[in-house]
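# Structure at a glance
Here is what each chain is made of, one letter per residue.
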Amino acid sequence: MQAEVRELVKKPLSEAEVRALAARMGGVRELIAPKRKGELGSLGEAELVKHLAANPNHVRRPLIDTGSQLLGGFTAEVRAALEKHLKK
């Protein structure tokens, strides 16, 4: 498996990329970094898309695209899904 690393601070996501990732993650709110959820909770979806594109440090990381699914963060659940994918 080959990995591609993208540093979001150096190459932020476009609004179109945020929307596409949000569609795969179950909504744009799933892309918010856990520490930022409280301060961004009042924004609507369109505002969140613009905000996350303009503020890459507020995007949940890492985002891991296995090809079949998009995983966000590095929780125990994400690690388990990634290990399962790597064993295939």
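The notes below deal with the structure included here.

About the thresholds
- Residues numbered from 1 in each chain as written.
- Predicted model: local features only at pLDDT ≥ 70, side-chain atom pairs only at ≥ 80, totals over all residues.
- Heavy atoms only, no water.
- Helix = DSSP H or I, 4+ residues; strand = E, 2+ residues; numbered from the N terminus.
- Rg over C-alpha atoms; globule rule 2.2 N^0.38 Å.
- Buried < 20%, exposed > 50% of the residue type's maximum accessible area, 1.4 Å probe, protein only.
- Contact = heavy atoms within 4.5 Å.
- Areas by Shrake-Rupley, 256 points an atom, 1.4 Å probe, with all protein chains shown as cover.
- Lys, Arg positive; Asp, Glu negative; His and termini not counted.
- Charge placed at Lys NZ, Arg CZ, Asp CG, Glu CD.
- Axes fitted to C-alpha atoms, helices over the stretch in contact; angles between N-to-C directions.
- Left-handed = near helix turned anticlockwise from the far one by under 90°.
- Nonpolar A, V, L, I, M, F, W, Y, C, P; charged D, E, K, R; others polar.
- Core = buried A, V, L, I, M, F, W, Y, C linked by side-chain atoms within 4.5 Å.
- Polar contact = N/O pair within 3.5 Å; in protein donor to acceptor, adjacent residues only side chain to side chain.

### A word on the overall build of the protein chain
Secondary structure assignment for the protein chain yields four helices and two strands. Its helices and strands taken in sequence order, the protein chain reads α-α-α-β-β-α from the N to the C terminus. For 88 residues, the compact-globule estimate of 2.2 N^0.38 gives 12 Å, and the protein chain sits close to it at 13 Å. Taken along its principal axes, the extent of the C-alpha atoms in the protein chain is 40 × 25 × 20 Å. Relative to its full complement of 88 residues, the protein chain shows a buried share of 33%. Contacts in the protein chain between residues at least 24 apart in sequence constitute 42% of all its contacts with a sequence separation of at least 6. Counting only carbon and sulfur atoms, one obtains 51% of the accessible surface of the protein chain, whose full area is about 6000 Å². Each charge class in the protein chain was averaged separately, 16 positive and 11 negative side chains, and the resulting centres sit 3 Å apart.

### As for the packing of helix 1 (residues 15-25) against helix 3 (residues 45-54)
Packing of helix 1 against helix 3 leaves a shortest axis separation of 8 Å and a crossing angle of 115°. The element helix 1 and its partner helix 3 pack so that their crossing is right-handed. For the pair formed by helix 1 and helix 3, the contact residues are E15, V18 and R19 on the first element and V49, K50, L52 and A53 on the second. Grouping the constituent residues of the contact of helix 1 with helix 3 by class yields four nonpolar, no polar and three charged.

### Considering the nonpolar core
Most often, soluble globular proteins keep nonpolar side chains buried together rather than apart. Core analysis: the largest hydrophobic core is formed by 16 residues, its most contacted members being L13, V18, V28, L31 and L52. When contributions to this core are tallied by element, the ones reaching two or more residues are helix 1 and helix 3. Excluding residues within four positions of it along the chain, V18 makes contact with L13, V28, L31, V49, L52 and A53.

### Regarding the environment of S68
With respect to the helices, strands and loops of the structure, S68 is situated in the loop between strand 1 (63-65) and strand 2 (70-72). Residue classification places S68 among the exposed residues on the basis of a relative accessible area of 57%. C-alpha of S68 to C-alpha of R24: the two residues are 44 residues apart in sequence and 9.9 Å apart in space. A polar side-chain atom of S68 sits 3.3 Å from a polar atom in the side chain of T66.

The quantities given are spatial measurements derived from coordinates; they are silent on function.
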